2 protein chains.
Amino acid sequence: MPDARTQVLDAAEDLFYGRGIQSVGVDEVRAAAGVSLKRLYQLFPGKDALVREFLHRRDERWRRRLAEFVAQRDSSEEQVLAVFDWLHTWFSEPGYRGCAFINSFGELGAVSPSVVSEVRAHKVALRDYLGGLVAAAGRGPELADHLLLLVEGAIVTSAVLGDPAAATQARTVAAALLVRPE
Amino acid sequence: MPDARTQVLDAAEDLFYGRGIQSVGVDEVRAAAGVSLKRLYQLFPGKDALVREFLHRRDERWRRRLAEFVAQRDSSEEQVLAVFDWLHTWFSEPGYRGCAFINSFGELGAVSPSVVSEVRAHKVALRDYLGGLVAAAGRGPELADHLLLLVEGAIVTSAVLGDPAAATQARTVAAALLVRPE
DNA sequence: GGTAGCCGAGAACGCTCGTTCTCACCGTTC
DNA sequence: GAACGGTGAGAACGAGCGTTCTCGGCTACC
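Residues numbered from 1 in each chain as written. Chains lettered and ligands numbered in written order. Predicted model: local features only at pLDDT ≥ 70, side-chain atom pairs only at ≥ 80, totals over all residues. Heavy atoms only, no water.

Moving on to the domain arrangement of chain A. Residue and element names in this part refer to chain A. The domains assigned to chain A are domain 1 (1–44) and domain 2 (51–179). Every contact between the two is made by 14 residues of domain 1 and, on the other side, 15 residues of domain 2. Interface of domain 1 and domain 2: buried area, both sides summed, is about 1300 Å²; carbon and sulfur atoms make up 53% of it. Per-residue buried area on domain 1 facing domain 2 is highest for Glu-13, Tyr-17 and Ile-21; these three make up 56% of the total on that side. On inspection of domain 1 and its partner domain 2, the count reaches 5 salt bridges. Its residues placed into classes, the side of domain 1 that touches domain 2 shows 5 nonpolar, 5 polar and 4 charged. (Domains from an automatic or database assignment. Contact = heavy atoms within 4.5 Å. Buried area = accessible area lost by both parts, 1.4 Å probe. Salt bridge = Lys/Arg side-chain N within 4 Å of Asp/Glu carboxyl O. Nonpolar A, V, L, I, M, F, W, Y, C, P; charged D, E, K, R; others polar.)

Written as structure tokens, this is what we have:
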């Protein structure tokens, strides 16, 4: 049995990701976590803090899973392409609803600076991670920028159209960029 | 002096795009439009209808402006690249906050089917438009899919990072895809 | 000029939500 | 055994929101 804090965060992640942050009330998170309201407010000073923690934890887990998947490939070129294979399995998961960070940015980017900084940190970390992959393949950081565009584009397109095919399309473009330096 | 309906829609677009839909109350739209609440509810049966109209009108205007800009170029290849030039000027506008449709999808995609269909229609229309451009350049619809990924990726990345550079990066990739069939 | 309909301004209503307070209950400690 | 600190369940509070209602005034028409 996990501790109350992770129970709350698990419930918050399910609900915030699945329905949006403003559409989910604190009491619903409390009920899903099986925790009293008093305890929840002991663990988190307010909904804002809960949202920040939700984003922070999701960032770490998301990037860890991606990195673990990619690290299984041998060559550095294969590792770059594996990013898009992983995206395809993610897009195919039931309940996939795009990127929690892009969604949160669209919802709260104009009213919550802490959300903005969390989203920005996530995207910067992803770009840096891609930068490491392409550097290992002997390529410069411009390629990481280009791959980031493809990743973000695939995430958004697959979510809106409800079709994971964007991942394989992005992989095709990435492969073309890989074989031939521009 | 425009009629009350367009005044309301103009105000709604400013506010909904700038701050998010759920963060803006009907009364704030009413005040910005300089219209009585009674009149607003005569024109639109409720906030949902106002949101739908906001998205619908923004879709038409956005795609018209893009098409007008692109049509000024002569060759079909230049027209494809002009898409990204136009994106760059859009990203540089003050108050740029990403794509209203992506933002609305993130905010309400899980709770409002009408928003989902509006967002999906917008992206499909954009893909079809790109399909027309690449067909004129003698290329197949796969290139339109790839360009769509670049466009969406540039929109999201520039919004989150607050930097229009993603447009020129996407343009570079698009140029590489254009010169050489994969 | 009077009356009837319409309109703007804003109060009111009902609901939701984030947060705090109340209170009964339980385990621990002197 | 009694006082006590902490807990869970949920009521309460205050604010905000979408929507509707009220009322006073203006306009148009006979």
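Now that the structure has been shown, we can carry on.
Another point: the packing of helix 5 (residues 76–92) of chain B against helix 8 (residues 141–161) of chain B. Residue and element names in this part refer to chain B. Two elements in contact, helix 5 and helix 8, have axes whose closest approach is 11 Å; the angle formed by their N-to-C orientations is 15°. With respect to their mutual orientation, helix 5 and helix 8 come out roughly parallel. In this structure, helix 5 meets helix 8 at a crossing whose hand is right-handed. Where helix 5 abuts helix 8, its residues Val-80, Val-83, Phe-84, Leu-87, Trp-90 and Phe-91 lie against Leu-147, Leu-150, Val-151, Ala-154, Ile-155 and Ser-158. Counted by class, the contact of helix 5 with helix 8 contains 11 nonpolar, 1 polar and no charged residues. (Axes fitted to C-alpha atoms, helices over the stretch in contact; angles between N-to-C directions. Helix = DSSP H or I, 4+ residues; strand = E, 2+ residues; numbered from the N terminus. Parallel < 35°, antiparallel > 145°, perpendicular 65-115°, else oblique. Left-handed = near helix turned anticlockwise from the far one by under 90°.)

Here chain A sits on chain B after a turn of 180° about the axis and a move of 0.0 Å along it, with an RMSD of 0.0 Å. Taken together, these values place the two copies in the relation of a two-fold axis. Measuring from the rotation axis to each C-alpha of chain A, the shortest distance belongs to A:Gly153, at 1.9 Å. Of the interface residues in chain A, 100% have counterparts in chain B that sit at the interface too, so the contact is made through matching surfaces. (Least-squares fit on C-alpha atoms with pLDDT ≥ 70 in both.)

What follows deals with the protein's contact with DNA strand D. Within the structure, DNA strand D sits among A:Ser36, A:Lys38, A:Arg39, A:Gln42, B:Val24, B:Gly25, B:Val26, B:Leu37, B:Tyr41, B:Gly46 and B:Lys47. When atoms of DNA strand D within 4 Å of the protein are split into backbone and base, the sugar-phosphate part holds 57%. B:Tyr41 has a polar side-chain atom sitting 2.9 Å from a phosphate oxygen of DNA strand D. At a separation of 2.6 Å, a phosphate oxygen of DNA strand D approaches a polar side-chain atom of B:Lys47. Breaking the surface near DNA strand D down by element, the ones donating at least two residues are helix 3 (37–43) of chain A together with helix 3 (37–43) of chain B. Looking at the surface near DNA strand D residue by residue, the classes come out as 4 nonpolar, 4 polar and 3 charged. (Near = heavy atom within 4 Å. Polar contact = N/O pair within 3.5 Å; in protein donor to acceptor, adjacent residues only side chain to side chain.)

Residue and element names in this part refer to chain B. The tally for this structure, following the rule as stated, stands at 26 salt bridges over all chains. Here Glu-13 ties to Arg-57 by a salt bridge, and the two come within 3.1 Å at their closest N and O atoms. Of this pair, Glu-13 sits in helix 1 (residues 4–19) while Arg-57 sits in helix 4 (residues 47–71), placing them 44 residues apart in sequence. Each member of the pair, Glu-13 as well as Arg-57, is classed as buried. The salt bridge involving Arg-64 is made with Glu-68; its shortest N-O contact spans 3.7 Å. On the criterion of helical spacing, the pair formed by Arg-64 and Glu-68 is a turn pair, its members being 4 residues apart in helix 4. Note on Glu-68: relative accessible area 45%, which makes it partly exposed. (Buried < 20%, exposed > 50% of the residue type's maximum accessible area, 1.4 Å probe, protein only.)

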